[in-house]
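# Close look at the chain arrangement
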Amino acid sequence: MKKQWWNNKIFYQIYPKSFCDSNQDGIGDLRGIISKLDYIRSLGVDLIWLSPVYQSPFQDQGYDISDYYAIDPCFGTMEDMDELIAEAKKRDMGILMDLVVNHCSDEHLWFQKCIQDPEGPYGDYFYLSPPHKTNNLRSYFGGSVWSPLPGHPEYQYLHMFDQKQPDLNWENKVLREEIFKMVNWWLDKGLAGFRIDAIMNIKKVLPFHDYTPDRGDGMASASVMISDAELTQGGVHAFLRELNERCFKPHNAVSIGEVFDADGDKLRMFIGENGHFSSMFDFAETCFGKDRAGWHKSLMQIQPDDYKQTVFQAQALAGTDCLFSNVIENHDEPRGVSHYLQEDASHDPQAKKLLACMYYLLRGLPFIYQGQELGMENMDFTSIDQINDINTLDEYQNILKEGYAPEEALRIVNAFSRDNARTPMQWNSDTFAGFSSVTPWLPLNPNYTSINAADQEKDSASVLHFYRRLAALRKDSRYMDTLVYGSLLPVYEEVPGLMAYLRMPEPAASEIQGAENAETMGTKSERRPILVLGNFNGTPLALNQLPASPLRSALSAAQTDFSAERYLQTQADVLLNNYTDFDGTLKPYQAVVFQLK
Ligand code: TEU
Ligand code: CA
C-alpha cells in the first residue's frame, strides 16, 4: 500500500447543530466549535468532519443545501468558517466538510430556475419525467421518489430522499462542472478534504423502469435501482474517477466515501491504490440485521459474536491494501454503546471502553462521533413529539400502518432513531449541560447529570480518558508500523464472547526485496505483534484453556504447550488495559492490549 499523509490520522465527527452553542439561541454553531478546538485536540484528533453547515432550509438537517457557497446564518458566517479552518490549522488539525451532491434543496437557485423553465438549461440539472415514464421506487424517507414539478403537471422530478431534496443529474456535463468548481473552491480555501454523502445514488438506471415491490405499498426501495446501476450501467465509477481527477487528487485531499454495499471485487475500485476515495466507512456492522421492510422487522441488538464475525469479515475484505474508516456510530445511527453492547453492559463504563478498544485498534482510520468519547447513550424518547428527524417520523408512521400500537412503535423507533445521536453534547451538569443557556433545539438526554465531559475530565478512569489513551497508543511512533500499517489476524474466534485479534507489523522496508529507502522507515519502531483481547461477557473469562500456538506462530518461535494465559502473564507487555491489573483471567468487559515478545 502506498503511504499517504492521512493514513495515521484520527478523525472526529461534529454534528454542528448539537455540539456547542456560542450565542445562546439553542443551536450549536461555528464559534461554539472554535471554542472547543483544544478539547478536540486533547483527544488526539487530527481531522474534524463537520456535518453540513451550508445554507439550508433544514428539511433534512442541512443535507438539503440551498447555497453551496454560503454558511447558514444559524451556524455563523463565512468569516467564522475561515477562522475555524485557521484555528484548527494552528493546532495541527484539518477540517473536512460534508459533500452533499447527490441532491440539493428545492430552494436552491438551480431548482427554482428549473421550475421557471423546465425546458431551459436548468431542466437538465435534475431528473424530470412525464408522469407515465416514472417508476415505482420508494424514497429512503417514505412515499414515491417522484413528485410533481410545481406549476408543471406535465413533469415529475426525482428525489431519492425527501421531496425537498431533488436529485442532481450527474449525466449532465454542465452540472458536473458546477460541482467540480464548487469542490475546488472549498479545497482552495484550505479544507483538508471531504466526507462524501450518499454518493452511490448519483448513478441511475435510465430509462426508468419498475422493480419488484418489497412492501405492501407496491413500491421497491430506492436502493434497488442503485444496485442495479452498479450491475448493469457501469455504476458510479466514471463519475467518481472524474471527481477525483479534477478535485481531490490535485489538492492531495482526503476523501471519505459514504458507500453502502460495495462487494468484494468492487472495494478496490473505491479505495484501492488508484481508487476514487482515500477511504470509505465500514458499514457492515451498521447494516447487520437491518430489513428493507422497516425498523420493526430489523434486529434491535447484535450479539457479540455476530459483531466480531462481521468486523473480521470486513477486515478480511480490506486486506492490507485498503483502509476502511471504522465507526461505532454517526449522526444517522443509534449510539454505539446502546446498539452494540447488551442491555446490562450498555451503561457500564468498562464495557464502553471495551467496545472503544476493539474498534479503535482495527486496521483502518478511527472515527469518533461527538459524545462517543464520553460513552453517550441512546435517548429514551417518551413521546414522538420529541423527535425531529424525518427518517424516524416516516418509520414511525410505517410501523403504525403495520398495526403496531403507538407505545410499541415508539419503543422500536427509540432503538434506531437518528435523533439518538443528535441530542446535544453533554459538556457538564449545569442546566442544559453546558451546551447552551437556553432550551436546545432537540431535547437533552436527561442522563447528562451523570455522563458529561467536565466530570470525566476529573476522573482518570473515565471513558474520556480511555479514549485519550487509545489515541496515545495509536500515535506512538513505536507502534505505527503495526497499528497503522500492519495486518489483522483474528485469533480464538471460536471462544464465545471473546473478541481477539493480532496486529502484525508490516515487513520493514529493509525486509522487502529491492525496496528503496530501506533506512527511512521504522528505526524507532518496535516491530513486535500486538494482541488485542476483549471479553464481551458479563462473567470472567479464564484464558488457561487457550492454546499459545496462535501467539507463538505470530512470533515465528517454536510451538510449545505453554498456555496463552501463562505466556501473556509472564512474557508480554501490557500496553493498555481498562482495569488496573491483568491476572490471567479476563474480568467482565475487560479489554487488554499486549505487545508480544
Ligand atoms: O445518508 C445516506 C443514507 O443512505 C441514509 O438514508 C441512511 O441510510 C439512513 O440515514 C439510515 O437511517 C446520508 C446522510 O448521512 C443522512 O444524514 C442524509 O439524510 C442523507 O444522506 C441524505 O443526504
Ligand atoms: Ca447558536
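Figured I'd write up the structure that's included with this text. Keep in mind it's a predicted model, so treat the numbers as computed, not measured. (Residues numbered from 1 in each chain as written. Chains lettered and ligands numbered in written order. Predicted model: local features only at pLDDT ≥ 70, side-chain atom pairs only at ≥ 80, totals over all residues. Heavy atoms only, no water.)

## Details of the nonpolar core
Among the nonpolar cores identified, the biggest contains 162 residues, and Met81 and Phe194 are the most heavily contacted of them. For this core, the leading source of residues is helix α12 (residues 349-360), giving 8 residues. With residues near it in sequence (within four places) discarded, Phe194 still touches Tyr54, Leu96, Met97, Asp98, Leu99, Val183, Trp186, Leu187, Phe248, Val254, Ser255 and Ile256. Formed by 24 residues, the second largest nonpolar core is a distinct cluster that contains Leu546, Leu551, Ala564 and Ala572. (Core = buried A, V, L, I, M, F, W, Y, C linked by side-chain atoms within 4.5 Å. Buried < 20%, exposed > 50% of the residue type's maximum accessible area, 1.4 Å probe, protein only. Helix = DSSP H or I, 4+ residues; strand = E, 2+ residues; numbered from the N terminus. Contact = heavy atoms within 4.5 Å.)

## Some words on the sheet that holds strand β16 (residues 487-490)
Ordered in space as β16-β17-β18-β22-β20, the 5 strands form an open sheet in which the pairing is antiparallel. Sheet topology places β16 and β20 (573-577) at the edges, where each strand pairs with a single neighbour. Along the sheet, successive strands turn relative to each other by an average axial angle of 25 degrees, direction set aside. Where strand β17 (residues 498-504) meets strand β18 (residues 530-535), 6 bridges bridge the pair, whose relative direction is antiparallel. Residue Tyr501 lies in a different strand from β18, and its bridge partner there is Val532. (Pairing = 2+ DSSP bridges. Axes fitted to C-alpha atoms, helices over the stretch in contact; angles between N-to-C directions.)

## Examining the sheet that holds strand β5 (residues 94-99)
On the basis of which strands lie adjacent, the closed barrel formed by 8 strands has the order β1-β2-β5-β10-β12-β13-β14-β15 and parallel pairing. On average, each strand axis in the sheet is inclined to that of its neighbour by 30 degrees, with strand direction left out of account. In the sheet, strand β1 (residues 11-14) pairs with strand β15 (residues 365-369) via 3 bridges, with the strands oriented parallel. Residue pairing in the sheet places Gln13 in a bridge with Tyr369 of β15.

## Observations regarding helix α7 (residues 237-251)
Its 15 residues place the ends of α7 20 Å apart at the C-alpha level, agreeing with the 21 Å of an ideal helix rising 1.5 Å per residue. Along its length, α7 shows its largest kink, about 45 degrees, at Asn244. Three or more residues of α7 are buried, namely His237, Phe239, Leu240, Glu242, Leu243, Asn244, Cys247 and Phe248. On its buried face, α7 sits against β5, α5 (173-188), β10 (193-196), α6 (223-232), β12 (254-257) and α8 (264-271). Positive phi shows up at Asn252, right after α7, with a value of about 50 degrees. (Expected span 1.5 Å × (residues − 1). Bend = angle between axes of the 7 residues up to and from the residue.)

## Considerations on unusual backbone geometry
The residue after Leu206, namely Pro207, is reached through a cis peptide bond having omega -10 degrees. Relative to the assigned elements, Pro207 resides in the loop between β10 and β11 (220-221).

## What to know about the site of ligand 1
Around ligand 1 there are 15 residues in total, and Asp60, Asp197, Asp332, Asn391 and Arg418 lie nearest to it. Within the side chain of Arg195, one N or O atom sits 3.0 Å away from an oxygen atom of ligand 1. Protein contacts shield 89% of the accessible area of ligand 1, which totals 490 Å² for the unbound molecule. The class makeup of the residues in the shell around ligand 1 is 5 nonpolar, 3 polar and 7 charged. (Near = heavy atom within 4 Å. Polar contact = N/O pair within 3.5 Å; in protein donor to acceptor, adjacent residues only side chain to side chain. Areas by Shrake-Rupley, 256 points an atom, 1.4 Å probe, with all protein chains shown as cover. Nonpolar A, V, L, I, M, F, W, Y, C, P; charged D, E, K, R; others polar.)

## Remarks on the pattern of salt bridges
Enumeration according to the criterion identifies 46 salt bridges in this entry. Ionic pairing is found between Asp38 and Arg91, a salt bridge with its closest N-O pair at 2.6 Å. On the criterion of sequence distance, the pair formed by Asp38 in helix α2 (residues 37-41) and Arg91 in the loop between α3 (78-90) and β5 is long-range, its members being 53 residues apart. The salt bridge partner of Lys204 is Asp167, with a shortest N-O separation of 2.7 Å. Of this pair, Lys204 sits in the loop between β10 and β11 while Asp167 sits in the loop between β9 (152-158) and α5, and the two are 37 residues apart along the sequence. Members of the salt-bridge network, linked through shared partners, are Asp476, Arg478, Glu526, Arg528, Asp573 and Lys597. (Salt bridge = Lys/Arg side-chain N within 4 Å of Asp/Glu carboxyl O.)

## Notes on the environment of Ser51
Of note, Ser51 is situated in the loop between β2 (47-50) and β3 (54-55). Put simply, Ser51 and Pro16 are 35 residues apart on the chain and 6.5 Å apart in space, counted from C-alpha to C-alpha. Residues within four places of Ser51 in sequence aside, it is in contact with Gln13, Ile14, Tyr15, Pro16, Tyr63, Asp98 and His331. A polar side-chain atom of Ser51 sits 3.0 Å from a polar atom in the side chain of Tyr63.

## Considerations on the coordination of the calcium ion (ligand 2)
Looking at the calcium ion (ligand 2), one finds its protein donor set to be Asp21 (OD), Asn23 (OD1), Asp25 (OD), Ile27 (O) and Asp29 (OD), positioned 2.2 to 2.4 Å from the metal centre. The sequence pattern formed by the donor residues of the calcium ion (ligand 2) is D-x1-N-x1-D-x1-I-x1-D. The class of Asp21 is buried, set by a relative accessible area of 3%. The class of Ile27 is buried, set by a relative accessible area of 17%. (Donors = N, O, S within 2.8 Å, 3.2 Å for Na, K, Ca; no water.)

Function-wise, these values are silent; they only describe arrangement.
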